[in-house]
Amino acid sequence: MTYNVSPIGFVRSCFKEKFAIPRQPQLAPAARGVLELVAPFDQGDAVQGLEQVSHVWLLFLFHQALEDKPRLKVRPPRLGGNKSMGVFATRATHRPNGIGQSVVKLERVEAGRLWISGIDLLDGTPVLDIKPYVPYADIIGSAHNSIASAAPELIAVRWASSALHQARDHAKRLEEPLVELIEQCLAQDPRPAYQIPTPEREYGAQFWDLDVRWHYPQSGVIKVLEVIPAKS
């Protein structure tokens, strides 16, 4: 049997590319975006009551990772990207139906728009459903996961003085916590775990309308080199 589903909205996100997106929601509280609902859900009736809710579950599609042939095993980043595991034991983006799930903070509710933070969603992500977070049912005190028993260790993030000035200036223009966003995302160390970069190798990712570049001057340290407008 097959079923057809249609998006109820699309996310406008600070993340314009997959690289450097946190691997789980809530790891970067400064990561913000807007869920724009589509008809008939954009008239206000569908979100009535959500102002009483602090967090929501979003069911969405990994729209840039959809595959025709299902994978039975994947190589999750949490295990370094070089160890295979059954797809249902992971939260890898390569899903049988491309469906993802994230809990995000609800900052503001408007007719047709939900302002959200703590997101791990790529710009343009199609959302299939919204469900309120229910603490008494969703928090399981006895739950455990020995594969991911604790959050990854954070890496130190330092700044070139010029890059920090650039980030602060753009933060004012965007009216967004840009410095915090960059630090929270890079502290997760977005590079593949099996890579051991030399100090000369630079990495980059786009946040909002900006290109952020960094390198690893020494083991366990990231240094942000520049924050400049992205090329159109």
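Along every chain, residues carry numbers that run from 1 in the direction the sequence is written. Reporting in this predicted model follows two pLDDT cut-offs: at least 70 for local features of residues, and 80 or more for side-chain atom pairs to be given and counted; totals over whole chains, interfaces and linings ignore these cut-offs and use all residues. Computation of side-chain values: all heavy atoms of the structure, hydrogens and water removed.

**What about unusual backbone geometry?**
Formally: In this description a helix means any DSSP run of H or I spanning at least four residues, a strand means any run of E spanning at least two, and both kinds are numbered starting from the N terminus.
In the segment running from alanine 39 into proline 40, the intervening peptide bond is cis, with an omega of 5°. Within the secondary structure, proline 40 sits in the loop between β2 (32-37) and β3 (55-61). One non-glycine residue, glutamate 175, lies in positive phi territory at about 55°. With respect to the helices and strands, glutamate 175 occurs in the loop between α2 (161-174) and α3 (178-186).

**A short note on the state of the cysteines**
As a reminder of what qualifies: Here, the term disulfide refers to a pair of cysteine sulfur atoms separated by no more than 2.5 Å. Only protein chains enter the accessibility calculation, which uses a 1.4 Å probe. A residue is then buried if its area is under 20% of the maximum for its type, exposed if over 50%, and partly exposed in between.
Within the structure shown, the criterion is met by zero disulfides. Here cysteine 14 stays free of any disulfide, with the sulfur of cysteine 185 as its closest cysteine sulfur at 6.4 Å. Judged by relative accessible area, which is 0%, cysteine 14 ranks as buried.

**Observations regarding the sheet that holds strand β11 (residues 210-218)**
The following threshold applies: We treat two strands as partners when DSSP finds at least two bridges between them. Here an angle of 0 to 180 degrees is reported between the N-to-C directions of two axes, which are lines fitted to C-alpha atoms, with helices fitted over the stretch in contact. Contacts were defined at the residue level, with two residues in contact if any of their heavy atoms lie within 4.5 Å.
The strand order across the open sheet built from four strands is β9-β12-β11-β10, with neighbouring strands paired in mixed fashion. For this open sheet the edge positions go to β9 (156-159) and β10 (202-207), each flanked by a neighbour on one side alone. The average angle at which neighbouring strand axes cross in this sheet is 35°, direction not considered. Of the strand pairs in this sheet, β9 and strand β12 (residues 221-229) are connected by four bridges, and their pairing is parallel. By the bridge assignment for β12, tryptophan 159 is matched with valine 224. With respect to the sheet, α2 is in contact with β9, β11 and β12, its orientation differing from that of β12 by roughly 50°.

**A short note on α2**
Going by this rule: A helix is expected to reach a length of 1.5 Å times the quantity of its residues less one. Relevant arc is that of directions from the helix axis to the C-beta atoms, nothing else.
With 14 residues, α2 extends 20 Å between its outermost C-alpha atoms, agreeing within 8% with the 20 Å of an ideal straight helix rising 1.5 Å per residue. Taken together, the buried positions of α2 are Ala163, Leu164, Ala167, His170 and Ala171. For α2, the angular spread of the buried residues around the axis is 130°, confining them to a single face. Among the exposed residues of α2, those oriented more than 90 degrees off its buried face are Ser161, His165, Asp169 and Lys172. For α2, the elements touching its buried residues are β9, α3, β11 and β12. Trailing α2 by a residue or two, glutamate 175 shows a phi angle of about 55°, which is positive.

**Looking at the sheet that holds β3**
Neighbouring strands of a sheet are bound in pairs by backbone hydrogen bonds; such pairs are parallel or else antiparallel. Spatially, β1-β2-β7-β6-β3-β8 is the arrangement adopted by the six strands of the closed barrel, whose pairing is antiparallel. Neighbour-to-neighbour, the strand axes of the sheet open up by a mean angle of 45°, direction not taken into account. In the sheet, strand β1 (residues 9-13) pairs with β2 via five bridges, with the strands oriented antiparallel. Note that in β2 the partner of phenylalanine 10 across the bridge is glutamate 36.

**Considerations on the nonpolar core**
Going by this rule: We call a set of buried Ala, Val, Leu, Ile, Met, Phe, Trp, Tyr and Cys residues a nonpolar core when their side-chain atoms join them within 4.5 Å.
Formed by 53 residues in total, the largest nonpolar core has its most connected members in Trp159 and Leu181. No other element matches α3, which puts six residues into this core. Contact partners of leucine 181, with chain neighbours within four places excluded, come to Cys14, Phe15, Ala30, Ala31, Phe207 and Trp208.

**Comments concerning the pattern of salt bridges**
Note the threshold: By salt bridge we mean one thing: a side-chain nitrogen of Lys or Arg within 4 Å of a carboxyl oxygen of Asp or Glu.
Inspection of the entire model under this criterion finds nine salt bridges. Put simply, arginine 71 and glutamate 67 hold a salt bridge, and the shortest N to O gap is 2.8 Å. Here arginine 71 falls in the partly exposed class, since its relative accessible area comes to 36%. Since its relative accessible area comes to 28%, glutamate 67 is described here as partly exposed. Here arginine 108 and glutamate 110 are joined by a salt bridge, their closest N and O atoms 3.2 Å apart.

**A look at the pairing of β10**
Here β10 shows a clear split, with Tyr203, Ala205 and Phe207 buried on one side and none of Glu202, Gly204 and Gln206 buried on the other. Pairing of β10 with β11, which is carried by six bridges, proceeds in the antiparallel orientation. Among the inter-strand pairings, glutamine 206 is bridged to a residue of β11, identified as aspartate 211. Counting the residues in the hairpin turn of β10 and β11 gives two residues, including tryptophan 208, whose phi is positive at 50°.

**Details of the side chain of threonine 90**
The condition that has to hold: Polar contacts here mean pairs of N or O atoms no more than 3.5 Å apart (in protein, one a potential hydrogen donor and the other a potential acceptor; neighbouring residues in sequence count only if both atoms are side-chain atoms).
Residue placement: threonine 90 occurs in the loop between β5 (85-86) and β6 (99-110). A distance of 3.1 Å separates a polar atom in the side chain of threonine 90 from the backbone oxygen of valine 87. Setting aside anything within four residues of it in sequence, one finds threonine 90 in contact with Val74, Pro76, Met85 and Arg95.

Interpretation note: all reported values are geometric properties and have no functional meaning in isolation.
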